[in-house]
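Structural features, examined
So you can see what is in the structure, the chains are spelled out below.
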Amino acid sequence: MRKFVDLNLRPLIRDIDQVETMVNKSSELGYHCVGISIPQGAKRKEIRMLEKICNDVGIDLATRVDLFPKTPRELLSNLRRVRRRFEVVSVICASKPVARQAAKDRRVDLLLFPTDSRKRFFDLAEAKLASGVSASLEITTEPLLLLRGISKIRLLSCLRREAKIAKKFNVPIVVSSGATTEYLLRTPQDNAALTTLFDLTLPRRLCAISENPKAIIVRNRGKLSKDYVAPNVRVIRRGKPCSSV
Amino acid sequence: MLQRIRRRYLALKIVSEQPIKKSDLLNSVWNKVHQLYGEYGASQVSLSLIEHNPEGNYAIIRCSHKAVEMVRASIATITKINEKTVTIHIVGVSGTLKSLRKKFLS
């Protein structure tokens, strides 16, 4: 059976009731794993509290951080600080230099763009860079629910173009809710249906809400485990030091 | 010979602070279909409300089998009805009313 993942829940993590409501709702809607956006400066205690809430409900938690750097230099410095602490790193690319730097850095998992159509920098060059480091394009359904009129039309047109470019360069697409309240959560099938608005085919739709986000989590958990040494090198057994011959 | 019309029945779960009237529900679904797909798209949907239970917070609607994804997307985008915050989840889709009731509403 396919396991669905929503990588972008954005409750106020200090509001425990809201977090609990959203996690419960996600579980009820059929999600197997959720990614909760955690502020960079969050304390260990707060993260442990989130883990406990998710464990009680029986849902898997992926810790996620959203970076919003103004310059490429700031992005690099943020990445250095947060990469070892969070399972998923997403960068909100509000300028072209930041978008380019994020697309070529292998520490970035998700590229997220603002809803303003003038600030969506996912073009051919960006896709080529992203495909080289296996970064994914993240599309949130929240603006599709909230925007009206011309701004929604512009966004849909941008998303259609981006989906085509992503397909051409084999950049995985991750569809998530980006929900701040439980009223913006939808079932995985409804989220998949929303992607028909920008012409994603059925297999790509299903991958965008299950395999693609799952692959990011599995890859990063492997890298963050203490047995990880380097790409394709892993400690499989620990023992006593070898005696000299 | 005319081909038999194939239909799909959708079970909806309505989450709202206050009960939603039958006419308001159907109007909001029609409006969303019209908003997203235009008059041409809306003409292909063959939408109708079969059952509405405000106490149980569920409803059943019927549409053309070719338009299920269109209706799903339209219903997913409903966030407000008459300025009241509402979420509508599609619990299940089936080809007959009998199996829909058996699978999703029993």
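In this text the structure is predicted, and so the values were computed from the model without any measurement.

Description of the sheet that holds strand β3 (residues 60-67) of chain A
Residues and elements named next belong to chain A. In spatial order, the strands read β1-β2-β3-β4-β5-β6-β7; together these seven strands make up an open sheet with parallel pairing. Both edges of this open sheet fall to β1 (4-9) and β7 (173-176), since each of them pairs with a single strand only. The average undirected angle you get between the axes of adjacent strands in this sheet is 30°. Across three bridges, the pairing between strand β4 (residues 88-92) and strand β5 (residues 110-112) is parallel. Within the sheet, the bridge partner assigned to Ile92 lies in β5 and is Leu112. Where helix α1 (residues 16-29) meets the sheet, it contacts β1 and β2 (31-37), and its direction lies at approximately 150° from that of β2.

Section: the packing of helix α4 (residues 96-104) of chain A against helix α5 (residues 124-133) of chain A
Residues and elements named next belong to chain A. Interaxial distance between α4 and α5 falls to 7 Å at its minimum, and their mutual angle equals 25°. Between α4 and α5, the angle falls in the class roughly parallel. Taken together, the residues of α5 that come into contact with α4 (itself represented by Ala99, Arg100, Ala103 and Lys104) are Ala125, Glu126, Leu129, Ala130 and Val133. For the contact of α4 with α5, the class distribution of residues is six nonpolar, no polar and three charged.

So, the pairing of β2 of chain A
Residues and elements named next belong to chain A. Across the seven residues of β2, six count as buried, placing the element largely inside the fold. Note that β1 and β2 share four bridges and pair parallel. Paired with Asp6 across the strands is Val34, a residue of β2. In this view, the connection linking β1 to its parallel neighbour β2 by way of α1 has right-handed handedness. With five bridges joining them, β2 and β3 adopt parallel strand pairing. Each residue of the ladder has a partner; that of Cys33, found in β3, is Asp60. Traced from β2 through helix α2 (residues 44-57) to β3, the parallel crossover comes out right-handed.

Focus on the packing of helix α3 (residues 72-82) of chain A against α4 of chain A
Any two packed helices are characterised by the angle at which their axes cross and by the distance between the axes. All names here are of chain A. Between α3 and α4, whose axes approach to 8 Å, the crossing angle comes to 40°. Judged by the angle between their axes, α3 and α4 are oblique. In this structure, the crossing between α3 and α4 has a hand that is right-handed. Here Pro72, Leu75 and Leu76 of α3 come into contact with α4, specifically with Pro97, Val98, Gln101 and Ala102. Class assignment of the residues belonging to the contact of α3 with α4 gives a composition of six nonpolar, one polar and no charged.

Description of the sheet that holds strand β3 (residues 58-64) of chain B
All names here are of chain B. Pairing in this open sheet of five strands is antiparallel, and the strands run β2-β3-β1-β5-β4 from one edge to the other. Where the open sheet ends on each side, the last strands, each with one partner, are β2 (48-53) and β4 (80-81). The pairing of β4 with strand β5 (residues 84-94) spans two bridges and is classified as antiparallel. Counted as the bridge partner of Lys80 is Thr85 from β5.

Observations regarding unusual backbone geometry
With phi around 55°, Asn57 of chain B is a residue other than glycine that occupies positive phi space. Accessibility expressed as a relative area gives 31% for Asn57 of chain B, which makes it partly exposed.

Concerning the interface of chain B and chain A
At the junction of the two partners, chain B supplies 19 residues and chain A supplies 20 residues. Summing both partners gives a buried area of about 1600 Å² for chain B against chain A, and 53% of it is carried by carbon and sulfur. Of all residues in chain B, Ala76, Thr79 and His89 of chain B bury the most surface against chain A, accounting for 29% of the area lost on that side. The interface formed by chain B and chain A holds three salt bridges in total. The set of elements that each furnish at least two residues to the side of chain B that touches chain A consists of β1 (7-16), α1 (22-42), α2 (68-76) and β5 of chain B. Considering only residue class, the side of chain B that touches chain A consists of eight nonpolar, six polar and five charged.

Focus: the nonpolar core
Residues and elements named next belong to chain A. Counting residues in hydrophobic clusters, the biggest one holds 67 residues, and the most contacted among them are Ile36, Leu111 and Ile173. Counting residues per element, this core draws most heavily on helix α7 (residues 149-168), at six residues. Apart from residues lying up to four places away in sequence, Ile36 is in contact with Leu9, Pro11, Ile13, Val19, Val23, Leu50, Leu61, Ala62, Thr63 and Arg64.

The rules we used
Residues numbered from 1 in each chain as written. Chains lettered and ligands numbered in written order. Predicted model: local features only at pLDDT ≥ 70, side-chain atom pairs only at ≥ 80, totals over all residues. Heavy atoms only, no water. Pairing = 2+ DSSP bridges. Helix = DSSP H or I, 4+ residues; strand = E, 2+ residues; numbered from the N terminus. Axes fitted to C-alpha atoms, helices over the stretch in contact; angles between N-to-C directions. Contact = heavy atoms within 4.5 Å. Parallel < 35°, antiparallel > 145°, perpendicular 65-115°, else oblique. Nonpolar A, V, L, I, M, F, W, Y, C, P; charged D, E, K, R; others polar. Buried < 20%, exposed > 50% of the residue type's maximum accessible area, 1.4 Å probe, protein only. Right-handed = clockwise from strand over helix to strand, strands pointing away. Left-handed = near helix turned anticlockwise from the far one by under 90°. Buried area = accessible area lost by both parts, 1.4 Å probe. Salt bridge = Lys/Arg side-chain N within 4 Å of Asp/Glu carboxyl O. Core = buried A, V, L, I, M, F, W, Y, C linked by side-chain atoms within 4.5 Å.

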